[in-house]
Amino acid sequence: MFIFMLFPTINVKAIESESHHNHIYSYDEFKSKSLIVKTDELINFNDYGVIDSSHIDDEIVTLHFDSIDKAIDCYEQLKDKEYIEFVEPDMYIDISEDNIIEGREEENNTYNSWGIEYLAIDKYSKYIKEENKNNIITIAVIDSGIDYNHPIFKDKLLTTGYDFVNNDDDPYDDDFQGHGTHVAGIIADATRNISNIKIMPLKALNSIGRGTISSVGNSIKYAIDSDVDIINLSLGFITGVHSKLIEEMIVEAVEAGVTVVNAAGNYNANTINSCPSHIDQAIIVSSIDNNNNKAYTSNYGPSIDVAAPGVGIYSAAPGGSYVYKNGTSMAAPHISVIAAMLKLNNPDLKPVEIENFIKEYSIDIGEKGVDWFFGSGVPNMALALPKVSLENILIDKDEITLEIGEKYKLNLVYYPKDYINDSEVLWESSNNEVATVDNGEVMAVKEGESIITA
């Protein structure tokens, strides 16, 4: 016997989850024994066992307790109050770094980071310098501080930095890995020929590369109030943890005209589950190696805007030395430099316009179009150079002899120098049955002769 049962139909609508704002916090996430509360009400927090407090702005306050249990108890009392916009534990936040490889001595005549030439930052830097721009652009590096005695920072640093770990005006990098010094060193290296791009060191991470939501939030607020142009954030939470304060502060910065550049993180995970690399208003940067492959540990996801070199990046370390490091932490400052140079060239640009230009000047890699690994691609700042008439083009070889199946990469010299991009050059072979050419790479197919033309 068959029994047929009829059920009414329903329409199911998918909605975006807001679960990360309703996060169920673990005991460990209260380890700082502090809470962050946003409210426009006047509240006597002493009634909640608070032993000290400090304001981030008029509505946001950090509450300090003498035990984790008291912090949790206060959180439970406040979380459902109508006059509390949000309350969250002042969780720990860490650097976005992969690993370190000991380095060599600095080579004075070349850029330390291979990413600077890879992204054609060197070419755009030369153009900006020749334009004689006289405005000052400031990049705030919110990190573990900077070894301001390192020679790479000569004439590059502002004296208005701050230490939100020790609450003083000495943002020295005492991190045993020298994370902030390495990140800022990439910026100093890339702008060595431009005297009017300056770095503001803001110390939010301690000697083991750990900070709190409040130390980062206070740093962002300080940067906004100091009228910086760019904020570099090479830091983030472990996967699955979000902060309402960090989200709001980044949005506030962008609305104030500050371009925020954030490392994607190094968990090989979706940025949707990470913070602050999930925030649309910031420029989120993933990491690649010199073969345009995504770095294995680099996070990915729909929030990725562009990719930049982050593998084997050579930069400054405390004590005057240099080391190689890997991570999206190293990718982000390359993009911060590009944002600063665009702003230097046109001070009226808004953050969204800077972001759009960076995407416009990017070369698509990976899947065609915007993708989760590389966003819009890898910037090539040669594309941002003004177009000029090409006077001459030379190939570095007059003749080559190849074995069948062998390949050879031909290089070009342009006049005027630095104003032409390789992607604008068309190559052709007079006889594809003998030799083919693809973007300057010649491959011998069979015995014979062919003329290669650029």
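Bear in mind the structure is a predicted one, so any value in this text is a computation, not a measurement.

## Looking at the packing of aromatic side chains
Right, so step 1: By the definition in use, this model includes 15 aromatic pairs.
Right, so step 2: Following the ring pairs from residue to residue traces out a cluster consisting of Tyr-25, Phe-30 and Tyr-75.
Right, so step 3: Taking the ring centre of Tyr-92 as reference, the NZ or CZ of Arg-210 above it sits at 4.7 Å.
Right, so step 4: Between Lys-294 and the ring centre of Phe-373, over which it is positioned, the NZ or CZ distance is 5.4 Å.

## Structural notes on the sheet that holds strand β12 (residues 235-236)
Right, so step 1: In space, the three strands of this open sheet follow the order β10-β5-β12, with antiparallel pairing throughout. Either end of the sheet is taken by a strand with one partner, and the two such strands are β10 (210-212) and β12.

## Concerning the packing of helix α3 (residues 121-130) against helix α7 (residues 328-345)
Right, so step 1: Put simply, α3 and α7 touch, their axes get as near as 11 Å, and they point 25 degrees apart. On the basis of their axis angle, the class for α3 and α7 is roughly parallel. For the pair α3 and α7, the sense of crossing is left-handed. Between α3 and α7, the residues in contact are Ile-121, Tyr-124, Ser-125, Tyr-127 and Ile-128 and His-334, Val-337, Ile-338, Met-341, Leu-342, Leu-344 and Asn-345, respectively.

## Observations concerning the nonpolar core
Right, so step 1: Ranked by internal contacts, the top residues of the largest apolar core, which has 58 residues, are Tyr-124, Ile-335, Leu-342 and Ile-358.
Right, so step 2: Per-element accounting of this core gives the leading share, eleven residues, to α7.
Right, so step 3: If we skip the residues at most four places from it in the chain, Ile-358 touches Ile-283, Val-306, Ile-335, Ile-338, Ala-339, Leu-342 and Pro-379.
Right, so step 4: Ile-36, Leu-202, Ile-224 and Val-228 belong to the second-largest nonpolar core, a separate cluster that totals 56 residues.

## Focus on the environment of Val-323
Right, so step 1: Mapped onto the elements, Val-323 comes out in strand β17 (residues 321-326).
Right, so step 2: A relative accessible area of 7% places Val-323 in the buried class.
Right, so step 3: Between the alpha carbons of Val-323 and Gln-177 there is a distance of 10.0 Å; along the sequence they are 146 residues apart.

## Describing helix α1 (residues 68-78)
Right, so step 1: Every buried residue of α1 is accounted for by Ile-68, Ala-71, Cys-74, Tyr-75 and Leu-78. On an axial view of α1, the arc spanned by its buried residues comes to 130 degrees, and they lie on one face.
Right, so step 2: Where α1 is buried, its residues touch β1 (34-38), β3 (60-64) and β4 (86-89).

## Quick notes on the confidence of the model for the protein
If pLDDT is low for a region, its predicted coordinates should not be looked at in detail.
Right, so step 1: Chain-level statistics for the protein give a pLDDT mean of 90 and a share of 91% at 70 or above.
Right, so step 2: Long-range and interchain partners of residues 1-21, a stretch whose pLDDT sits below 50, account for five contacts in this model, where long-range means more than four residues apart.

## Side note on the pairing of strand β2 (residues 52-55)
Right, so step 1: In terms of strand pairing, β2 meets β3 through four bridges, oriented antiparallel. By the bridge assignment, His-55 is partnered in β3 with Val-61.
Right, so step 2: The hairpin turn running from β2 into β3, its antiparallel successor, is four residues long.

## So, unusual backbone geometry
Peptide bonds are trans in most cases, and residues, glycine excluded, mostly fall at negative phi.
Right, so step 1: A cis amide bond links Cys-275 with the next residue in sequence, Pro-276, at an omega value of 5 degrees.
Right, so step 2: Assignment of secondary structure puts Pro-276 in the loop between β13 (259-263) and β14 (283-288).
Right, so step 3: A positive phi angle, close to 50 degrees, is found at Asn-268, a residue other than glycine.
Right, so step 4: Within the fold, Asn-268 resides in the loop between β13 and β14.
Right, so step 5: Owing to a relative accessible area of 29%, Asn-268 belongs among the partly exposed residues under this scheme.
Right, so step 6: Of note, Asn-292 is a non-glycine position whose phi angle comes to about 65 degrees, a positive value.
Right, so step 7: Position of Asn-292 relative to the elements: it lies in the loop between β14 and β15 (306-309).
Right, so step 8: Judged by relative accessible area, Asn-292 falls into the partly exposed class, the value being 25%.

## Regarding the packing of α7 against helix α8 (residues 351-360)
To characterise two packed helices, one gives the angle between the axes of the helices and the distance between these axes.
Right, so step 1: Remark: α7 packs on α8, axes separated minimally by 10 Å, with the N-to-C direction vectors making an angle of 115 degrees. Taken as axis vectors, α7 and α8 run roughly perpendicular relative to one another. As α7 runs across α8, the sense of the crossing is right-handed. Here Ile-335, Ile-338, Ala-339, Leu-342 and Lys-343 of α7 lie close against α8, whose contacting residues are Ile-354, Phe-357 and Ile-358.
Right, so step 2: Among the residues making up the contact of α7 with α8, the classes are represented as seven nonpolar, no polar and one charged.

Thresholds applied
Residues numbered from 1 in each chain as written. Predicted model: local features only at pLDDT ≥ 70, side-chain atom pairs only at ≥ 80, totals over all residues. Heavy atoms only, no water. Phe/Tyr/Trp six-rings, centres within 6.5 Å; stacked < 30°, edge-to-face > 60°. Lys NZ or Arg CZ within 6 Å of the ring centre and 35° of its normal. Pairing = 2+ DSSP bridges. Helix = DSSP H or I, 4+ residues; strand = E, 2+ residues; numbered from the N terminus. Axes fitted to C-alpha atoms, helices over the stretch in contact; angles between N-to-C directions. Parallel < 35°, antiparallel > 145°, perpendicular 65-115°, else oblique. Left-handed = near helix turned anticlockwise from the far one by under 90°. Contact = heavy atoms within 4.5 Å. Core = buried A, V, L, I, M, F, W, Y, C linked by side-chain atoms within 4.5 Å. Buried < 20%, exposed > 50% of the residue type's maximum accessible area, 1.4 Å probe, protein only. Arc of directions from axis to C-beta. pLDDT = per-residue confidence, 0-100. Nonpolar A, V, L, I, M, F, W, Y, C, P; charged D, E, K, R; others polar.

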